[in-house]
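Summary of the model geometry
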Amino acid sequence: MLLTILLQAVASEAIGKIGIALGAAIAALAAGYGIGKIGSSATESIARQPEAGGDIRSSMIIVAAMIEGA
């Protein structure tokens, strides 16, 4: 929805559309990197302390959902 509003605001300028697309791409890449980092850290934590695996896994899922929401 925000992207649609921004595209309408700069519909006459091609450079504005390119900037919006570039910003959206960077945001998607950053979210992917963040979720990958969470998964990596959670895997390392579970390997070090297997009995806490359930707590770590549920925390990881909650944080990943927050990143996706943002």
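Scroll up to find the structure.
1. Focus: the packing of helix 2 (residues 14-48) against helix 3 (residues 53-69)
Between helix 2 and helix 3, the shortest axis-to-axis distance is 10 Å and the interhelical angle comes to 175°. It follows from the interaxial angle that helix 2 and helix 3 lie roughly antiparallel. Within the contact between the two elements, helix 2 uses Ala 31, Gly 34, Ile 35, Ile 38, Gly 39, Ala 42, Ser 45 and Ile 46 and helix 3 uses Gly 53, Ile 56, Arg 57, Met 60, Val 63, Ala 64, Ile 67 and Glu 68. Across the contact of helix 2 with helix 3, the residue classes tally to 10 nonpolar, four polar and two charged.

2. Side note on helix 3
Between its terminal C-alpha atoms helix 3 stretches 24 Å, which fits the 24 Å expected from 17 residues at 1.5 Å a residue. All of the buried residues in helix 3 are Gly 53, Ile 56 and Ala 64. Taken around the axis of helix 3, the buried residues stretch over an arc of 65°, which confines them to a single face. Residues of helix 3 that are exposed and point over 90 degrees away from its buried face: Asp 55, Ile 61, Met 66 and Gly 69. Packed against the buried residues of helix 3 are helix 2.

3. Brief notes about the environment of Ala 27
The residue Ala 27 is located in helix 2 in this model. For Ala 27, a relative accessible area of 46% gives the class partly exposed. Remark: the alpha-carbon pair of Ala 27 and Gly 16, spanning 11 residues in sequence, is separated by 17 Å.

Conventions adopted
- Residues numbered from 1 in each chain as written.
- Predicted model: local features only at pLDDT ≥ 70, side-chain atom pairs only at ≥ 80, totals over all residues.
- Heavy atoms only, no water.
- Axes fitted to C-alpha atoms, helices over the stretch in contact; angles between N-to-C directions.
- Helix = DSSP H or I, 4+ residues; strand = E, 2+ residues; numbered from the N terminus.
- Parallel < 35°, antiparallel > 145°, perpendicular 65-115°, else oblique.
- Contact = heavy atoms within 4.5 Å.
- Nonpolar A, V, L, I, M, F, W, Y, C, P; charged D, E, K, R; others polar.
- Expected span 1.5 Å × (residues − 1).
- Buried < 20%, exposed > 50% of the residue type's maximum accessible area, 1.4 Å probe, protein only.
- Arc of directions from axis to C-beta.

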